[in-house]
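Structure assessment
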Number of protein chains: 2
Amino acid sequence: MPFCQKEGKKIIFTNVGNPHALGQKPLTFPRQVVALCQAPFLLDDPNVGMLFSADANKRAKHYLSLTSGGLGAYSDSRGLPGVRKEVAEFIQRRDGYPSDPELIFLTDGASKGVMQILNCVIRGAGDGILVPVPQYPLYSATISLLGGSLVPYYLDESENWGLDVNNLRQSVSQAHSQGISVRAMVIINPGNPTGQCLSEANLREILRFCYSEKLVLLGDEVYQQKIYQDERPFISSKKILMDMGSPFSKEVQLVSFHTVSKGYWGECGQRGGYFEMTTSLPGFVVEEIYKVASIALSPNVSAQIFMGLMVSSPKPGDISYDQFTRESKGILESLRRRAKIMTDGFNSCKNVVCNFTEGAMYSFPQIQLPPGALQTAKQAGKVPDVFYCLKLLEATGISTVPGSGFGQKEGVFHLRTTILPAEEEMPEIMDSFKKFNDEFMTQYDNNFGYSRM
Amino acid sequence: MPFCQKEGKKIIFTNVGNPHALGQKPLTFPRQVVALCQAPFLLDDPNVGMLFSADANKRAKHYLSLTSGGLGAYSDSRGLPGVRKEVAEFIQRRDGYPSDPELIFLTDGASKGVMQILNCVIRGAGDGILVPVPQYPLYSATISLLGGSLVPYYLDESENWGLDVNNLRQSVSQAHSQGISVRAMVIINPGNPTGQCLSEANLREILRFCYSEKLVLLGDEVYQQKIYQDERPFISSKKILMDMGSPFSKEVQLVSFHTVSKGYWGECGQRGGYFEMTTSLPGFVVEEIYKVASIALSPNVSAQIFMGLMVSSPKPGDISYDQFTRESKGILESLRRRAKIMTDGFNSCKNVVCNFTEGAMYSFPQIQLPPGALQTAKQAGKVPDVFYCLKLLEATGISTVPGSGFGQKEGVFHLRTTILPAEEEMPEIMDSFKKFNDEFMTQYDNNFGYSRM
């Protein structure tokens, strides 16, 4: 249900990366497995095969055997050991390097994991965290909540939102001059809100930089399964770090995050995630993170099972393989088409330029606002991009997030939309956007337009 | 499965309040409903009635209609409005006073709620929180994590773990003399680890005290559905506060916590909880708590539905009513018998005295250790109750928590067990405990027993 009737107006929610809220259907197989785990009394019911596939039943029994009393029992505060083992096997298959289940913690969504790690890094206002700009506000909010200092580094829009290591150096020296010691760096790959995939060369530079500056690297890789082009595939920071070998692989402290929310599964409401730490994190730090996690006892167990299922989906020959593959491909291919419709749509608009969404699920067009619009916004007491987004909402019902919510360079304006509205509705949405935008630009282009708004 | 084979020894885990891990079966009706919510594609399957009751199906449709895209979509960061409304109705039925859904937040278990509120109260080491001793370590750990100061007040073991307001006054003046300003007070009712139910008179005194000292009261009421006697029923702090009327009801800032983990449902691994704030909390504080909650996006949605189900269980006339009632009564009546077996068992032991478990799910016997045991423990570099609990574990496989983990008066020792082992195993466990204890006491009673251990 992508539309919501509110005071007679159809609102199109493209402001939150929440695929199921915009009509994406859940994948059948994992839902069957978790439903059976919730209803273990059905597993051996003679009629169970009428509603559930036999391989879902088998998997449910497998996951229940990994718990200490089903979904109603607390797990270890790091998550079920058996699921952490499956995650480690997935990482090993993905990267070609060993992964240790003891260094993997399951969490209630990746956000909770990020908060746990930042909590461990930040001691006070003197501790700085390098965060990309534009960035997903989880980072700014958490750093502010924990009393640390956000140290911004700018992504280069003209280089398809790539990362320039010289910018990092500048940011660090500037922080130093303010008495802030930078302790960690965040990368979001694929990017949110920018949608870019970091190149292998870029990742190497970043890791070398973290090595020389002794920074913990937080690799937010929650969109790793959502890639919409073939030229620049997702590569994990862990793989590059291992490729680089000693001394980097032995000394760079990397924590990577993943989730069941942000892949093509889109299971946001289940709140499942994990983080993996590299062996370079000292044992006492891992112990401390464990201790803090144990205050809240245990991440929710059903989402742990979703995570297990996500990293070990049906294989060729399994009863549910065909259906699972068909459903997965359907979602991913449609998203790929939607990413293109959206980028092309934005680039056809007056004063709008937009990089292609290489991955993740956002589009982040730059909106070049004419002086008249800037002045009218100022008169109205609004930040210019907020002014634009509100006008867009009023005129079309399209709800977006002003770029200033993610941070941007002075005088440069954006908005963020998701690429999630249903594919069949996309052309109409983009037409409606173009109509609004081009009229807005014409109106403000050659005059200050006070009287017209 | 209450026993775990470890290196040939049967370990009896009575150390964690995790009923399903000790063999308690989940209630059928709520699990049917949540299983169907996970598998919405089954709702209208012609065969669904062969595995799921019709009222579970109807309820699943009801809860799905409250979501914005099923269990896979984020909810509002405060939880689903429809479930918060059901919680408010439950509170209103329980207390006879209105409850406002806008002041109810759903959380990933009560622990997360407690952490959110303490995070909001504590600004630094100068902010003190009154916490009962003995206490559940969530409080000490969270206060320490947030950099606040724990201000202990002692519960009176000789008065069945009652609360003496004079102790509170002493604790507050002592804190003041150390430059700590007390901002909030925690009560755990029914108590953990003590199992006591606070009397109405006690609750009035506490609320009056919070009024005069301008303290936020955190009412941890997660065991409110687990009561094992009829003389002292659970009464909520909210009800007493409303009974007291103005100025108390208008000015005391109360936050009460509840969960799906700790009632007879015992659904710990689902991680569902709520907190309710009273109208005396300023609007900007509620807004701030909402803002912080929104950093982690949304509590897990399936546990929100468990919470909805817990506060609106089947009614007479519903298809599942009889089964639900039979299952619920079975659990509660057995727990009541187990509470008695355990208290009686402890009180039959040498040098052990134990208050009756009025509610919750713990027993907290005092172990009067003879001087010989104290000295041997010291020689071994162990806290005396830790020494005792380790010996108990070695001799019997019974795993308990030393009382020092919860705090206690100098020179007084306890242990905490849950009353959760299966009823049929309880007599054997208590016999085994008594045999160990009485031998231990005899061994240390009249000599220092160095050579014997």
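In the nomenclature of an unreviewed UniProt entry, chain A corresponds to Aminotransferase class I/classII large domain-containing protein from the organism Brassica carinata. Regarding chain A, the UniProt comment filed under Subcellular location (unreviewed entry) reads as follows: "Peroxisome". Quoted verbatim from the Subunit (unreviewed entry) field of UniProt, the annotation for chain A is "Homodimer."

The subject of this paragraph is the UniProt feature "domain: Aminotransferase class I/classII large" (unreviewed entry) in chain A. Taken from the UniProt record, the annotation "domain: Aminotransferase class I/classII large" (unreviewed entry) applies to residues 58–431 of chain A. With 43% helix and 16% strand, residues 58–431 of chain A has end C-alpha atoms that lie 48 Å from one another.

With that settled, consider the nonpolar core. Judged by nonpolar contacts, the single largest core of 216 residues is most densely connected at F52 of chain A together with F52 and Y388 of chain B. Beyond its immediate stretch of four places on either side in the chain, F52 of chain B contacts L42, L51 and F52 of chain A together with Q32, A35, L36 and L42 of chain B. If you look at the next biggest cluster of nonpolar residues, it comprises 32 residues, including I235, F248, V252 and L254 of chain B.

Glancing now at the packing of aromatic side chains. All names here are of chain A. Applying the stated criterion to the full structure yields 30 aromatic pairs over all chains. When the centroid spacing of 4.8 Å and the interplanar angle of 65° are considered together, the rings of Y211 and F248 count as edge-to-face. On the criterion of sequence distance, the pair formed by Y211 in helix α7 (residues 200–213) and F248 in helix α9 (residues 248–251) is long-range, its members being 37 residues apart. Taking relative accessible area as the criterion, Y211 reaches 27% and is therefore assigned partly exposed. By relative accessible area, F248 is classed as buried at 15%. A centroid spacing of 5.4 Å and a plane angle of 65° characterise the contact between Y388 and F436, whose relative ring orientation is edge-to-face. With Y388 in helix α14 (residues 384–396) and F436 in helix α15 (residues 426–445), the pair connects residues that are 48 residues apart, well separated along the chain. Residue Y388 is classed as buried on the basis of its relative accessible area, which comes to 1%. Ring pairing ties together the aromatic residues F387, Y388, F436, F440 and Y444, which thus form one cluster. The ring of Y290 has R78 lying over it, and the distance from NZ or CZ to the ring centre is 4.1 Å.

In this section: the pattern of salt bridges. Scanning the model with the defined rule gives 40 salt bridges over all chains in all. The closest approach of N and O atoms between D127 of chain B and R123 of chain B, which form a salt bridge, is 2.8 Å. Owing to a relative accessible area of 3%, D127 of chain B belongs among the buried residues under this scheme. R123 of chain B sits in the exposed class, given a relative accessible area of 62%. K239 of chain B serves as the salt-bridge partner of D243 of chain B, at 3.1 Å between the closest nitrogen and oxygen. Highlighted residues: D243 of chain B and K239 of chain B, both in helix α8 (residues 237–244), separated by four residues, approximately one helical turn. Within the structure, one salt-bridge network assembled from shared partners comprises D76, R78 and E102 of chain A.

Our focus in this paragraph is the domain arrangement of chain A. Reports of interface size often rely on the accessible area that becomes lost once the parts have come together. Residue and element names in this part refer to chain A. Here chain A is described as being made up of domain 1 (3–17 + 329–445) and domain 2 (119–259). Taking only C-alpha atoms into account, the centre of domain 1 sits 27 Å from that of domain 2. Each partner contributes to the interface: domain 1 provides 24 residues, whereas domain 2 provides 25 residues. Regarding the contact of domain 1 and domain 2, the summed buried area is about 2200 Å², with carbon and sulfur atoms giving 52% of it.

Residue and element names in this part refer to chain B. One can find G79 in the loop between α2 (54–66) and α3 (81–95). Sequence separation of G79 and T67 is 12 residues, and the distance between their C-alpha atoms is 9.6 Å. Excluding its chain neighbours within four sequence positions, the residues that come into contact with G79 are R84, L106, P299 and Q304.

Residue and element names in this part refer to chain B. Strand order in the open sheet formed by eight strands is β3-β10-β9-β8-β7-β4-β5-β6, and the pairing between neighbours is mixed. Every other strand in the sheet has two partners, leaving β3 (104–107) and β6 (162–163) as the edge strands with one partner each. Here strand β5 (residues 149–156) runs beside β6; their pairing, made up of two bridges, is antiparallel. Counted as the bridge partner of L155 is L163 from β6. Taken strand by strand, helix α11 (residues 301–311) contacts β3, β9 (254–259) and β10 (273–277), and its axis lies near 100° from that of β9.

This part is about the side chain of D385 of chain B. All names here are of chain B. Tracing the sequence through the fold places D385 in helix α14 (residues 384–396). Buried and unpaired, D385 has no salt bridge, with K382 as the nearest side chain of opposite charge at 11 Å. At a separation of 2.7 Å, a polar atom in the side chain of D385 contacts the main-chain amide nitrogen of S404. Here D385 is in contact with L369, P402, G403, S404, Q408, F413 and H414, once residues within four sequence places are set aside.

Rules behind the numbers
Residues numbered from 1 in each chain as written. Chains lettered and ligands numbered in written order. Predicted model: local features only at pLDDT ≥ 70, side-chain atom pairs only at ≥ 80, totals over all residues. Heavy atoms only, no water. UniProt positions renumbered as here; feature names shortened; annotations may be inferred. Helix = DSSP H or I, 4+ residues; strand = E, 2+ residues; numbered from the N terminus. Core = buried A, V, L, I, M, F, W, Y, C linked by side-chain atoms within 4.5 Å. Buried < 20%, exposed > 50% of the residue type's maximum accessible area, 1.4 Å probe, protein only. Contact = heavy atoms within 4.5 Å. Phe/Tyr/Trp six-rings, centres within 6.5 Å; stacked < 30°, edge-to-face > 60°. Lys NZ or Arg CZ within 6 Å of the ring centre and 35° of its normal. Salt bridge = Lys/Arg side-chain N within 4 Å of Asp/Glu carboxyl O. Domains from an automatic or database assignment. Buried area = accessible area lost by both parts, 1.4 Å probe. Pairing = 2+ DSSP bridges. Axes fitted to C-alpha atoms, helices over the stretch in contact; angles between N-to-C directions. Lys, Arg positive; Asp, Glu negative; His and termini not counted. Polar contact = N/O pair within 3.5 Å; in protein donor to acceptor, adjacent residues only side chain to side chain.

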